[in-house]
Structure formats: structure tokens, C-alpha cells
Amino acid sequence: MKKILTIPNIISAVRILLVPLFVVFFFVDTLANHEIYAIVVLLLSGLSDVVDGTIARKFNMISDLGKILDPIADKLTQAAVVFCLLIKHPSILPMFIVFLVKELLTAFAAMYLLRHGTKPISAKWWGKLSTVVIYITTLYLIVSEIVEIPYAWISYVLIYSSIFFMLLSMFGYLSIFLKPIAKNKEQ
């Protein structure tokens, strides 16, 4: 129980609760400045992601539950944001497709490993970098709804940068996941 109710795990749970709040603020245009509220929620989520990881490492509060809860909070946030943006910005369809493929492949691989007794792995730098680039892209797209930015090409650079880093992350995690899967098949 001590390893379950840790500050980082509580922060990750709060991040999960922020997801529907983001969606509401993103779409409820009857609320004045709703985009700004959505941005604030997204920034809070991103900041709390950094804080929970820092606390977990610094105070030795890393737990198997945290290794599962943190990425779930990340993925739910990213999925909600990318899906919401897809509705208003159809140009991010390629980003949405790559996100979906990446998450499904890595989720199935992770479930397979958990089912076969392999402990969850901690987030790697390429996964965190992918998350940061997705956050930057989504923040830019939301801000571009509030303030007209004359350089439309920037959104395409950010979208395809997100795709690149998601693919990097996907192949990085799959290479880690495939080693134990291959080992299990040999046995």
C-alpha cells in the first residue's frame, strides 16, 4: 500500500482527471476564453508530468504502479488532445494515424510482456521527447486558433516533427519489447 499511495501516483491520477476537463474547455465555446482554459489545463498536465517523475526519482518513489499509471496519464492526455485537434484541424490526420498505430502496437506489446511476467519499464528519453514535441505542436495549434499566425507552414513543420518523434519513440520501445518477446518464444 505504501508503494501505491505515493505523491507521484497521486499526481498521475490527477493528470488523468484533467483529461475530461481539457476536452470540455476545448469544445465549450459558449465559455469566454475557453481555448485559454484548455491551454492552462494542458500546461498543468505537462508540468505535473515533469513534477511527478522528478519526485519519483529524487525521493525513490518509483513503483510498478507508477510505471503504468504515468504512461496511461500521458497517453490519455495525448489521445484526447490529438483527437480534439483532429476535429478542428483535419490537417493533423497523419499525426493522428501514427499516434494511433504507435499506441496500439506498444500497448499490445506491453500487455504481452506483463502477461508473461515481465515488469513494466520506465519511460525512455525518446518517449519523453515525443511527448514534449506533441505538447508543443498541440499548444501551437490551439494558440493559432486564438491568435492568427501568418506562417501556416510552422504548423506543418510541427505536425511532421511530431510524427517523426512518435515513430522514433515507437521503434525505440518496440525494440525493447521485442527482446523479451523473442526470448519467451525461444523457451
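Look up: the structure comes first, before these words.
Report on the accompanying structure. (Residues numbered from 1 in each chain as written. Predicted model: local features only at pLDDT ≥ 70, side-chain atom pairs only at ≥ 80, totals over all residues. Heavy atoms only, no water.)

### A few points about the environment of Ser-130
Within the secondary structure, Ser-130 is located in helix 5 (residues 125–146). Since its relative accessible area comes to 2%, Ser-130 is described here as buried. Residues Ser-130 and Val-40, 90 residues apart in the sequence, show an inter-C-alpha distance of 20 Å. Excluding anything up to four places from it in sequence, Ser-130 contacts Phe-165, Met-166 and Ser-169. (Helix = DSSP H or I, 4+ residues; strand = E, 2+ residues; numbered from the N terminus. Buried < 20%, exposed > 50% of the residue type's maximum accessible area, 1.4 Å probe, protein only. Contact = heavy atoms within 4.5 Å.)

### Description of the packing of aromatic side chains
Here a ring pair, both rings aromatic, is described through the centre-centre distance and the interplanar angle of the planes. Tallying each qualifying case throughout the model produces eight aromatic pairs. A ring pair is formed by Phe-25 and Tyr-37, whose centres lie 5.3 Å apart and whose planes are at 40°; its orientation type is tilted. Taken as a pair, Phe-25 in helix 1 (residues 7–27) and Tyr-37 in helix 2 (residues 34–58) lie far apart in primary sequence, twelve residues in all. We classify Phe-25 as buried; its relative accessible area is 18%. Relative accessible area serves as the criterion here: at 38%, Tyr-37 is assigned to the partly exposed category. Ring centres of Phe-26 and Phe-27 lie 5.0 Å apart, and the angle between their planes is 85°; on these two criteria the pair is classed as edge-to-face. Overall, Phe-26 belongs to the buried group, its relative accessible area being 2%. A connected cluster of aromatic rings, assembled from ring pairs, spans Trp-125, Trp-126, Tyr-173 and Phe-177. (Phe/Tyr/Trp six-rings, centres within 6.5 Å; stacked < 30°, edge-to-face > 60°.)

### Details of unusual backbone geometry
Most of the time, phi is negative for any residue but glycine, and the peptide bond is trans. Positive phi outside glycine occurs at Asn-33, with the angle close to 60°. In this fold, Asn-33 is placed in the loop between helix 1 and helix 2. Residue Asn-33 is classed as partly exposed on the basis of its relative accessible area, which comes to 48%. At Asn-60, a position not held by glycine, the phi torsion is positive, near 50°. Tracing the chain through its elements places Asn-60 in the loop between helix 2 and helix 3 (64–88).

### Re a nonpolar patch on the surface
Side chains of Ile-36, Val-40, Leu-44, Val-143, Ile-146 and Val-147 sit close together on the surface and give an oily, nonpolar patch of about 450 Å² of accessible area. Breaking the nonpolar patch down by element, the ones donating at least two residues are helix 2 and helix 5. Element by element, the count of residues in the nonpolar patch is highest for helix 2, at three residues. Mapped onto the elements of the fold, Ile-36 is located in helix 2. Taking relative accessible area as the criterion, Ile-36 reaches 40% and is therefore assigned partly exposed. (Patch = residues over 30% accessible without salt bridge, like charges linked within 9 Å, V, L, I, M, F, W, Y side chains within 5 Å. Areas by Shrake-Rupley, 256 points an atom, 1.4 Å probe, with all protein chains shown as cover. Salt bridge = Lys/Arg side-chain N within 4 Å of Asp/Glu carboxyl O.)

### Description of the environment of Val-132
Residue position: Val-132 is located in helix 5. Assessed through its relative accessible area of 45%, Val-132 is described here as partly exposed.

### Description of helix 1
For helix 1, with 21 residues, the first-to-last C-alpha span of 31 Å sits near the 30 Å given by 1.5 Å per residue. Three or more residues of helix 1 are buried, namely Pro-8, Asn-9, Ile-11, Ser-12, Arg-15, Leu-18, Val-19, Phe-22, Phe-25 and Phe-26. (Expected span 1.5 Å × (residues − 1).)

### So, the side chain of Ser-48
Tracing the backbone shows Ser-48 in helix 2. Setting aside residues up to four positions removed in sequence, Ser-48 forms contacts with Ile-11 and Arg-15.

### Topic: the pattern of salt bridges
Pairing between side chains becomes possible if they bear opposite charge and their charged atoms approach one another. Evaluated as defined, the whole model comprises ten salt bridges. In this structure, Asp-70 and Arg-15 form a salt bridge, with 2.8 Å as the shortest nitrogen-oxygen distance. A residue pair is termed long-range when its members are at least 10 positions apart, and Asp-70 in helix 3 and Arg-15 in helix 1 qualify at 55 residues. Across this residue pair, the class does not change: Asp-70 and Arg-15 are buried.

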